Amino acid sequence: MADFVTRFAPSPTGYLHLGHACSAFHVWEAAKAANGRVLLRIEDIDQTRCRPEYEAAILEDLAWLGLSWNGPVRRQSDHFSEYEATLKNLQHRGLVYRCFRTRREIAAAMPAGAVADEWGFTGRPLSALEEESRLARGHAFAWRLSLAAAQDALGPRYPQLSYIDESDGTARRVAADPRPFGDVVLGRKETPASYHLACCHDDALQGVTHVIRGEDIREMTAVHALLQALMDWPQPVYRFHPLVLGPDGKKLSKRAGDRGLRAWRDEGKTPDDLRRMTGIP
Ligand code: GLU
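The shown structure was predicted, so the numbers you read here are calculated from the model rather than taken from an experiment.

Spatially, β1-β2-β3 is the arrangement adopted by the 3 strands of the open sheet, whose pairing is parallel. Edge positions in the sheet fall to β1 (5–8) and β3 (74–75), since each has one partner strand and no second. Bridge count between β1 and strand β2 (residues 37–42): 4 bridges; the pairing is parallel. Following the sheet pairing, Thr 6 is matched in β2 by Val 38. The sheet contacts of helix α2 (residues 52–65) involve β1, β2 and β3, and relative to β2 the element is tilted by about 155 degrees.

Now the structure itself:
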């Protein structure tokens, strides 16, 4: 059987909850079925929200669930220079630009009825003179991937962006349309990386052949297909699993204070109980 490499890539912004356990079970089951490997990656580039104690808790919770990974853990905050090199590459090719707009300015520029804060925002680079003056005044900025420049760079490959979706057991090539996301942020003045950039960079670097992730990231995978095409990175196969919903029918989230796995553990639940609760057979 061909090499099968997948990964579990949590962000240490809180304790793992049932949604993470669900993802983890899917990831490890898939690797087991394919006699493959699971890598563990700590996605902690947002240093304002990530904390070392949550990282330690992730390792502990996975051990409690009986899930062990292959090879060393990759912690993204140890690799900023690698993401910076990717950003520089895109910068030299005119694919990213500095966007100085504040959140409020972006919100005001968004069309009425936009789905999320910034989804779909497209801007354009300032003139060299104006940019220089903003930089001299120390203004904050985001590096945005220009959809227009990407389209030019990829030419006929742009409308054919796609990826393989294997969610239902058969491999289907599906079209990937990054336009709803607009010019996504790939880095900021202080941080030369974003989730999209670091995630795709690492999937390529680590030789990930299969990405198993929640349905909530299905749409966003189009942005990843775009980055992979621009960087000539190998593209993994994708599988999206259903989400565990809370009693209100909404996706669980750390921010909403959904209870961590350790709270279930302290209450006497076993890993097998959690497996059942997440709908894993
Ligand atoms: N750090 C992301 C998360 O926890 C990883 C998602 C993914 O790329 O599979 O949602």
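And the narrative resumes.
Read across the open sheet, the 3 strands follow the order β4-β5-β8; overall the sheet is antiparallel. On the outer flanks of this sheet lie β4 (96–99) and β8 (185–188), each paired with one strand and no other. Averaged over all neighbouring strand pairs, the angle between strand axes comes to 30 degrees, with direction disregarded. Pairing geometry for β4 and strand β5 (residues 142–145), over 4 bridges, is antiparallel.

The next subject is the site of the ligand. With respect to spatial proximity, the complete set of residues near the ligand consists of Arg 7, Ala 9, Pro 10, Ser 11, Glu 43, Tyr 195, Cys 199, Arg 213 and Ile 217. Separating an oxygen atom of the ligand from a side-chain N or O atom of Arg 7 is a distance of 2.8 Å. Between Ser 11 and the ligand, the recorded distance is 3.2 Å, taken from a side-chain N or O atom to a nitrogen atom. Protein chains bury 78% of the 300 Å² of accessible surface belonging to the ligand in isolation. In terms of residue class, the shell around the ligand is made up of 5 nonpolar, 1 polar and 3 charged.

What follows deals with the packing of aromatic side chains. When we look at a pair of aromatic rings, we describe it by the centre distance and by the angle of the planes. Going through the model one piece at a time under the given rule, you end up with 7 aromatic pairs. Ring geometry for Tyr 163 versus Tyr 238: centroids 5.4 Å apart, planes at 70 degrees, classification edge-to-face. On the criterion of sequence distance, the pair formed by Tyr 163 in strand β6 (residues 162–165) and Tyr 238 in strand β10 (residues 237–241) is long-range, its members being 75 residues apart. You can call Tyr 238 buried: its relative accessible area is 1%. Here the aromatic residues Phe 100, Phe 141 and Trp 143 are joined through ring pairs into a cluster of three or more. Of note, Arg 98 hangs over the ring of Phe 141, and the distance from its end group to the ring centre comes to 5.1 Å. Seen from the ring of Trp 264, Arg 259 lies directly overhead, with NZ or CZ sitting 4.2 Å from the centre.

Calculation notes
- Each chain has its residues counted from 1, running along the sequence as written.
- Reporting of local features is limited, given that this is a predicted model, to residues whose pLDDT is at least 70; pairs of side-chain atoms are given and counted only at 80 or more, and all residues count toward the totals for whole chains, interfaces and linings.
- By convention in this description, side-chain values take in all heavy atoms of the structure and omit both hydrogens and water.
- At least two DSSP bridges between two strands are required for those strands to pair.
- Secondary structure elements are defined from DSSP: runs of H or I of at least 4 residues count as helices, runs of E of at least 2 residues count as strands, and each element is numbered from the N terminus.
- Residue contacts follow a heavy-atom distance rule, with two residues in contact if any of their heavy atoms lie within 4.5 Å.
- To get an axis, fit a line to the C-alpha atoms, keeping to the stretch in contact for a helix; angles then go from 0 to 180 degrees between the N-to-C directions.
- We define proximity as follows: a residue is near a molecule or strand when any one of its heavy atoms falls within 4 Å of that partner.
- Between N or O atoms, a polar contact is any pair within 3.5 Å; within protein, one atom must be a potential hydrogen donor and the other a potential acceptor, and residues adjacent in sequence are included only when both atoms are from side chains.
- Note on areas: these come from Shrake-Rupley sampling with a 1.4 Å probe, and a residue is covered only by the protein chains present in the view.
- Asp, Glu, Lys and Arg are counted as charged, while Ala, Val, Leu, Ile, Met, Phe, Trp, Tyr, Cys and Pro are counted as nonpolar; the rest, among them Gly, fall into the polar class.
- Each aromatic pair joins two rings of Phe, Tyr and Trp (for Trp, the six-membered one) with centres within 6.5 Å, and gets the label stacked for planes under 30 degrees apart, edge-to-face for over 60, and tilted for any other angle.
- Remark: exposure states derive from per-residue accessible area (1.4 Å probe, protein chains only) relative to the maximum for the residue type, with buried under 20%, exposed over 50%, and partly exposed in between.
- Two conditions define a charge sitting above a ring: the NZ of Lys or the CZ of Arg must be within 6 Å of the ring centre, and it must be within 35 degrees of the ring normal.

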